[in-house]
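Observations on chain architecture
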Amino acid sequence: MTYYDREDQFLRQRLQKEIPVLTALIKNLYEGLDRRFHLNGAKVPVTFGFDTDSLGSYTRQSAHNEEHFHFSLFFIAYGVKNPLSKEDRIDLFKHEYAHYMQYNMSIPEKYQWQTGTHGSAWKYCCSLIGAVPTPYYKAGEALRDHDYDKVLKNRIHDKTVPIRDTYQRLQKAQKQKNEIIHYKIGDEVAHPRFGNGIVEKISPRSGGVHLHIRFDGEVKCIDQKWLMKRRDSYK
Ligand SMILES: [Zn+2]
């Protein structure tokens, strides 16, 4: 087992311990929304995973799938390096609930003009529960006021920001983003356990970038996402 695998496994075990707290938070939120709209979203199973390209999703009941909500602990857990703000986390849960709503309640005809997962029916549901009416996740967006009236008439999506949930084309964009190399040979890096090291080799890989780093005489192979640059030299 490489160091990277052990570290990754350690993080996953830690994040998994948050599942009961997160489940309670989601169920509590959904129960409140259920009461307002006479729905049963809180009874839909919630699963968790370690997706790196999707924050969450809602899957409808079908011949192939059990109905469920799914969230990635890499994004919604509190114990990750850059946790979501409280508002953005709640908004993500509402975003997925709006998907549940669009298929489980009657949508007025005037909000059916735009098809698609994130079409006008979904935006209408967002307007009912105060969710950000864009399919893409943008930090801090949950705190802004939303012009639902405009959004319910506007056919253009803002495609400049990463996707909030499963949406093939943009998942690919996120993966490509993780593959952007943030370091160069000779860079000084800091690791929470190994301390300071120097990048000696860079190996791009699918969905990430492996760095070979010399820490105090010993070389370790670590994905760049686990590191902080020693100096704040990000643009
Ligand atoms: Zn969505």
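Coordinates for the structure precede this section.
Here goes a summary of the coordinates provided. Residue numbers here run from 1 along each chain, matching the order of that chain's written sequence. At least 70 in pLDDT is required for a residue's local features to be given in this predicted model, at least 80 for side-chain atom pairs to be given and counted, and no such filter applies to totals for whole chains, interfaces and linings, which use all residues. Each side-chain value is derived from all of the structure's non-hydrogen atoms; neither hydrogens nor water enter the calculation.

Take the pairing of strand 3 (residues 68-72) next. Within a regular beta strand, the side chains point alternately toward one face of the sheet and then the other, so they alternate between its two faces. Note on exposure labels: buried denotes an accessible area under 20% of the residue type's maximum, exposed denotes more than 50%, and partly exposed covers the range between, all computed with a 1.4 Å probe on protein chains only. Numbering of helices and strands runs from the N terminus, with a helix taken as a DSSP run of H or I at least four residues long and a strand as a DSSP run of E at least two residues long. With 5 of 5 residues buried, strand 3 is to be regarded as a mostly interior element. Neither face of strand 3 is exposed, since His 68, His 70 and Ser 72 on one face and Phe 69 and Phe 71 on the opposite face are all buried. Following DSSP output, two strands are said to pair if at least two bridges run between them. Relative to strand 3, strand 2 (residues 56-59) is paired through 4 bridges, and the arrangement is antiparallel. By the bridge assignment for strand 3, Ser 57 is matched with His 70.

On to the sheet that holds strand 3. The strands making up a sheet associate through backbone hydrogen bonding, with each pair oriented either parallel or antiparallel. Ordered by their spatial adjacency, 3 strands build an open sheet running 1-3-2, and the pairing between neighbours is mixed. If you trace the sheet from one side to the other, it starts and ends with strand 1 (46-49) and strand 2, each paired once. Strand after strand, the sheet turns through a mean of 20° between neighbouring axes, direction not considered. Contacts are assigned to residue pairs that have any heavy atoms within 4.5 Å of one another. Only C-alpha atoms enter the line fits that serve as axes; for helices the fit covers just the stretch in contact. Angles between N-to-C directions range over 0 to 180 degrees. Here helix 2 (residues 19-37) sits on the sheet in contact with strand 1 and strand 3, set at roughly 140° to strand 1. Along the sheet face, helix 4 (residues 86-104) touches strand 2 and strand 3 and points at about 15° away from the line of strand 2.

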